[in-house]
Amino acid sequence: MIRNYLKIAWRSLQKNRLFTLLNGLGLAIGLAVALLLLLYARDETAFDRHHQHADRIARVTLAATFDGKTERWGNAPNVVGPTMKTQLPNVENQVRFMRHKFGQTAFVHSGEARFTEKNLYWADSTLFSVFDVPLLMGNPKTALVGPNRVIVSQSAAKRYFGTENPLGKVLDVDRSNQLEVTGVYADFPGTSTLDADLIGSFASVGWASDPTNQSWSNASFETYVLLKPQTDLANLERQLAGLVLKNVPEQNRFYTLHLQPLPAIHLHSADIKNTSFTRVGDARQVSILYGLALIILVIASINYMNLATAQAQTRSKEVGINKVVGATRIQLIGRFYAETALIVCGAVLLSIGLVVLALPWLNTLVEKQLTLTALFNTEMVLNLLGLAVGIVLLAGLYPALILSGFSAQNLLTASLRATTGGGGLRRSLVVTQFVASLVLAICTLFFYQQLQFIQQRKLGYEPTQVVAVTTATVQSKEQMDRLKNDFEALSTVDNVCRAQAFPGRDGSGRSLTKPLDSKATTYITSNRVTSTFVDVLSLKLLAGTTLPVNKDAKDTTVQVVLNKTAVDFLGYTPAQAIGKIAPGVFNNSAQIVGVVADFHFESLHQPIKAYAFHNADTEDRPFMLVKTRTQNLPETMRQLEAVYQKSLPDSAFEFTFLDQHLNSLYRSEQRTATIVLIFAGLAIFIACLGLFGLATFTTEQRTKEIGVRKVLGASVASIVTLLSKDFLRLVVIAILIASPLAWYAMTRWLEGFAYKVNLAWWVFAGAGLLAVVVALLTVSFQSVRAALKNPVKSLRS
């Protein structure tokens, strides 16, 4: 019986080759897109699940409140972890991480070979008790116990030592730390938040691990705790609040501590500052991609339902004859579903081939290493089978259940056959298709409009042709001065400034207090720089001067240049602020010598906050900002490297262009916009396939009518209008429905930006006009063809 169903279904598909092609191609593209998006989304949601106790591991986060506004930090003070372990019974163990010099590149020497290392972290010896870090070589009980020890990843061991046994070898970090290799661990998978290539023992960082230097105020350490089974996180957070009340003086109690489950860290840390690890995802992006996959699947399924209901009108007589000769309703349902299953199976096989071809492109776009192995694991196979079965049941619903339910007498009656095609359902499905396509098109336009707004917005400083050169390995002031002078001597260099940080990179955090209200404080980012920072960054000086060129060593006063937001908080005008003390900053010893206009030192996701440039001897200045004045940038970079290698022959030349670093802050948005643009185009293409099929079917059904109209004198234009207007009416309805849906979606997305575009009406109008043009072109192809056909042939056939 099943064999006969399949044979008849195959013959029916061969008989209607155009509709078979349109259905199969639409479903295949829809399934391929859905599989690609599901592969990516599944990879994002699988982060950190490989740890045995992932559901019992949590990160300690900090919520700091300044001036009534709360910021979330991923770091906590170094005393928090050990205190939780000793004083909270539900905490089984803890481990602290600190990125090398708060994210600076490490310069590593292995014998005579030199390397740069971006992923060097320092961690407690309890690392192995909290996380699954399998050692391929070495003893986990002793590998990180004591100072001057380091474990390396398998790939790092190969990079540093080749085929030699790395155990016992010494790595020289920044010419200041001699670390013995005590272990080699398997590379972390791509779905791991931990991304370290080198992990040094926490005891190697004396100031951080010194028991006498444990603080409740220096939040610079990413802290993870392993909880006992069945621990209630909400109850434990209440106990954390008690720890803060007990140990932190009231005047310093500006924060609260919270717990973030390990599996939630990757996708829910976009708004958390001061995190050590770099693999941060975006839950909103994953939700967008899941929604996109669903929309495209719905559009592809609607295609099939549209064409199937259209064909049902021509097959009603066939069904009636089958019923007359004894076919039961169950048998007819089986036949229709067999036909649908054949198309879906073919589409599934074709979609897998498309995924194989498109996967390298997707990996390049999303910067991942997704493999075909992931496509054929149990979960994805079940997802694919579920999708296929769902599409078969949904897409075959109308012909299988509705058409098979009519009596044979009614199906053989011409008047009823004219009403069995599901015209109302088809119109509803066409509207649904174009609503989905229009929402995607409008969202894509706003994605790119926002990105263009970001790129064109005046930042308050000039990042182009400014290079941040890393100078962390400079050993003496004399060496640093010589390097700075040699840079300045180049004809292609305009100015040079030493700096702790630069826009887009975090400086240090401090508190700024209002002069007459000690309880009113705000968070201020500080950056230790030399006096030329105003010229290098092209900042606008509103009042006062820049920092002094040379500071008297006996002078304990700190000079600061504040931005206008900081001065506004203090209640001064820029001119009034000059000579005043900035309360709270550097123990009330910071004298304001200048005020600069506000500039965006963070991404446009964040509003401009208080900022201070200073000359206190409290932080390192690991960057040399070099402002160039040449169009031949490659040659300038070669000159800078030559000067650098002359002064620092043992160090690698590491640099960052400020404008490129700025663009990297919006990589997630750029990636999302590109994905949505491409897949929205595919969605519209799939919708047009269905529209083309319906237009073909309509013109075929009205061939004799068109012939009669032409004989009676109808023009080609009037016939094209007749055939097109019904479809265009449906597109206009779709525009009216899609516009408010897209407006709501974009309003929610733009909430993540402090500075954003307005939702202009012309974008909605432009997308609607585009939909009308595309629909008209799609329908007109068949309409014009039908209108030009010889009416004699139309009437005769």
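Here, the structure is the one placed above.
Since this is a predicted model, take the numbers as computed values, not measurements.

Some points on the sheet that holds strand β16 (residues 466-470)
Pairing in this open sheet of 4 strands is antiparallel, and the strands run β17-β24-β16-β25 from one edge to the other. Either end of the sheet is taken by a strand with one partner, and the two such strands are β17 (493-499) and β25 (655-657). The average angle at which neighbouring strand axes cross in this sheet is 20°, direction not considered. Relative to strand β24 (residues 623-628), β16 runs antiparallel, the two being bridged by 5 bridges. Directly across from Val466, in β24, lies its bridge partner Lys627. Most of the contacts of helix α17 (residues 477-488) go to β17, to which it runs at about 155°, and overall it touches β17 and β24.

Looking at the side chain of Ser508
Following the sequence through the fold, Ser508 ends up in strand β18 (residues 508-514). For Ser508, a relative accessible area of 15% puts it in the buried group. Not counting chain neighbours up to four residues away, the residues in contact with Ser508 comprise Gln500, Tyr523, Ile524, Thr525, Ser526 and Glu619.

Some words on the sheet that holds strand β23 (residues 610-614)
Strand pairing in a sheet relies on backbone hydrogen bonds. The paired strands run either parallel or antiparallel. Reading across the sheet, the 6 strands line up as β18-β19-β23-β21-β22-β20 and stay open at both edges, with mixed pairing between neighbours. If you trace the sheet from one side to the other, it starts and ends with β18 and β20 (541-544), each paired once. The mean inter-strand angle of the sheet, taken between neighbouring strand axes irrespective of direction, is 40°. Looking at chain direction, strand β21 (residues 558-563) and β23 are connected through 3 bridges and run antiparallel. Residue pairing across strands places Val560 opposite His614, the latter belonging to β23.

What about the nonpolar core?
One finds Phe533, Leu539, Phe613 and Leu625 to be the most contacted residues of the largest nonpolar core, which totals 114 residues. Broken down by element, this core gets its largest block of residues, 14 residues, from helix α16 (residues 423-456). Apart from the residues within four sequence positions on either side, Phe613 is in contact with Asn527, Val529, Phe533, Leu539, Leu547, Gln559, Val560, Val561, Val596 and Phe599.

What to know about a nonpolar patch on the surface
Taken together, the side chains of Val356, Leu372, Phe376, Val381, Leu382 and Leu385 define a hydrophobic patch exposed on the protein surface, amounting to about 520 Å² of accessible area. Counting residues per element, the nonpolar patch draws most heavily on helix α12 (residues 378-395), which supplies 3 residues. With respect to the helices and strands, the residue Leu385 is situated in helix α12.

Some details on the packing of α17 against helix α21 (residues 633-647)
In contact at an axis separation of 10 Å, α17 and α21 are set at 155° when each is read in the N-to-C sense. With respect to α21, the element α17 is oriented roughly antiparallel. The handedness of the crossing between α17 and α21 is right-handed. Facing Gln479, Leu483, Asp486 and Phe487 of α17, the residues of α21 in contact are Leu640, Val643, Tyr644 and Ser647.

Describing the side chain of Ser351
In this fold, Ser351 is placed in helix α10 (residues 329-366). Judged by its relative accessible area of 0%, Ser351 is buried. With residues near it in sequence (within four places) discarded, Ser351 still touches Ala28, Leu31, Ala32 and Leu35.

Some words on the environment of Val567
One can find Val567 in helix α19 (residues 564-570). Sequence spacing of Val567 and Ala582 is 15 residues, and the spatial spacing of their C-alpha atoms is 9.0 Å. Excluding anything up to four places from it in sequence, Val567 contacts Leu562, Tyr572, Thr573, Pro574, Ala577 and Val595.

Re the packing of aromatic side chains
The final tally for this structure, using the stated rule, is 24 aromatic pairs. For the pair Phe447 and Trp749, a centre-to-centre distance of 4.5 Å together with 75° between the ring planes defines the contact as edge-to-face. Placement of Phe447 in helix α16 and of Trp749 in helix α25 (residues 716-750) is noted, with a sequence separation of 302 residues between them. We note that Phe447, like Trp749, is buried. Ring centres of Phe533 and Phe613 lie 4.2 Å apart, and the angle between their planes is 25°; this geometry places the pair in the stacked category. Note that Phe533 is positioned in helix α18 (residues 533-537) and Phe613 in strand β23, a separation of 80 residues in sequence. A single burial state applies to Phe533 and to Phe613, both of which are buried.

Rules and cut-offs
- Residues numbered from 1 in each chain as written.
- Predicted model: local features only at pLDDT ≥ 70, side-chain atom pairs only at ≥ 80, totals over all residues.
- Heavy atoms only, no water.
- Pairing = 2+ DSSP bridges.
- Helix = DSSP H or I, 4+ residues; strand = E, 2+ residues; numbered from the N terminus.
- Axes fitted to C-alpha atoms, helices over the stretch in contact; angles between N-to-C directions.
- Contact = heavy atoms within 4.5 Å.
- Buried < 20%, exposed > 50% of the residue type's maximum accessible area, 1.4 Å probe, protein only.
- Core = buried A, V, L, I, M, F, W, Y, C linked by side-chain atoms within 4.5 Å.
- Patch = residues over 30% accessible without salt bridge, like charges linked within 9 Å, V, L, I, M, F, W, Y side chains within 5 Å.
- Areas by Shrake-Rupley, 256 points an atom, 1.4 Å probe, with all protein chains shown as cover.
- Salt bridge = Lys/Arg side-chain N within 4 Å of Asp/Glu carboxyl O.
- Parallel < 35°, antiparallel > 145°, perpendicular 65-115°, else oblique.
- Left-handed = near helix turned anticlockwise from the far one by under 90°.
- Phe/Tyr/Trp six-rings, centres within 6.5 Å; stacked < 30°, edge-to-face > 60°.

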